[in-house]
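In case you want the letters, here they are:
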Amino acid sequence: MACERCGTQRAPWTGWSVHHRRPAGMGGDRRPETVTAANGLLLCGSGITGCHGWVESNRTESYDLGLLLRRHQVPTAEPVLLRRGLVLLDVDGNYIPTEGQAA
Ligand SMILES: [Zn+2]
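Keep in mind it's a predicted model, so treat the numbers as computed, not measured.

Caption draft 1: Molecular detail of the pattern of salt bridges. Per the counting criterion, the structure on display carries five salt bridges. In this structure, the salt-bridge partner of arginine 71 is aspartate 29, at a minimum N-O distance of 3.8 Å. One end of the pair, arginine 71, is in the loop between helix 2 (59-65) and strand 3 (80-82); the other, aspartate 29, is in the loop between strand 1 (16-20) and strand 2 (40-44), with 42 residues separating them in the sequence. Residue glutamate 56 is joined to arginine 59 by a salt bridge in which the shortest nitrogen-to-oxygen separation is 2.8 Å. Judged by its relative accessible area of 33%, arginine 59 is partly exposed. Among the charged side chains, a salt-bridge network with shared partners connects Arg22, Asp29, Arg31, Glu33 and Arg71.

Caption draft 2: Representation of the coordination of the zinc ion in the model. Taken together, the protein ligands of the zinc ion are Cys3 (SG), Cys6 (SG), Cys44 (SG) and Cys51 (SG), with distances of 2.3 Å. Spacing between the donor residues of the zinc ion along their common chain follows C-x2-C-x37-C-x6-C. Taken together, the residues cysteine 6 in the segment before strand 1 and cysteine 44 in strand 2 connect sequence positions 38 residues apart. Of the residues examined, cysteine 6 reaches a relative accessible area of 36% and is grouped as partly exposed.

Caption draft 3: Expanded view of the environment of glycine 50. For glycine 50, the position within the fold is in helix 1 (residues 50-57). Those residues in contact with glycine 50 that sit more than four places away from it in its chain are Cys44 and Gly45.

Caption draft 4: Structural context of the side chain of aspartate 29. Classification of aspartate 29 as buried rests on a relative accessible area of 11%. Of note is the side chain of aspartate 29, whose polar atom sits 2.9 Å from the side chain of arginine 31. In this structure the side chain of aspartate 29 is engaged in a polar contact, spanning 3.5 Å, whose partner is the side chain of threonine 34. Discounting residues that sit within four places of it in the chain, aspartate 29 has contacts with Arg22, Pro23, Ala24, Thr34 and Arg71.

Caption draft 5: Inspection of the packing of aromatic side chains at higher detail. Under the defined criterion, the tally for this structure stands at zero aromatic pairs. The ring of tyrosine 63 has arginine 70 lying over it, and the distance from NZ or CZ to the ring centre is 3.9 Å. Arginine 84 extends its terminal NZ or CZ atom over the ring of tyrosine 95, reaching a point 3.6 Å from the ring centre.

Caption draft 6: Spatial organisation of the sheet that holds strand 4 (residues 85-89). Here three strands make up an open sheet; going across it, the order is 3-4-5 and the pairing antiparallel. Strand pairing shows two members of the sheet lacking a second neighbour, strand 3 and strand 5 (95-97), which therefore form its edges. Taking the axes of each pair of neighbouring strands and ignoring which way they run, one obtains an average angle of 55° across the sheet. In terms of strand pairing, strand 4 meets strand 5 through three bridges, oriented antiparallel. Considered in strand 5, the bridge of leucine 88 is made with isoleucine 96.

The rules we used
Residues numbered from 1 in each chain as written. Predicted model: local features only at pLDDT ≥ 70, side-chain atom pairs only at ≥ 80, totals over all residues. Heavy atoms only, no water. Salt bridge = Lys/Arg side-chain N within 4 Å of Asp/Glu carboxyl O. Helix = DSSP H or I, 4+ residues; strand = E, 2+ residues; numbered from the N terminus. Buried < 20%, exposed > 50% of the residue type's maximum accessible area, 1.4 Å probe, protein only. Donors = N, O, S within 2.8 Å, 3.2 Å for Na, K, Ca; no water. Contact = heavy atoms within 4.5 Å. Polar contact = N/O pair within 3.5 Å; in protein donor to acceptor, adjacent residues only side chain to side chain. Phe/Tyr/Trp six-rings, centres within 6.5 Å; stacked < 30°, edge-to-face > 60°. Lys NZ or Arg CZ within 6 Å of the ring centre and 35° of its normal. Pairing = 2+ DSSP bridges. Axes fitted to C-alpha atoms, helices over the stretch in contact; angles between N-to-C directions.

Right under this line is the structure:
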């Protein structure tokens, strides 16, 4: 397994967390896309360490990179800058290269 932001390799289930690009928020977000793969990123660290911690403590930059989404944004429509480049994510967790990017 590798972190989708920095590429750090670790054994499964140690030091990982799933980051929600569009947070479920207080009381949860019942829109179905919240729980699809397009809204989730596997990042190293926790909410305070590693890449997951970086996202939480650099929120302005994370919005620019698509790592965080605002509540009106749809995860499948917003590109995100990952280690592999700028991609769109579909609901099944596939990476779709954006225009101008090598596949
Ligand atoms: Zn990382």
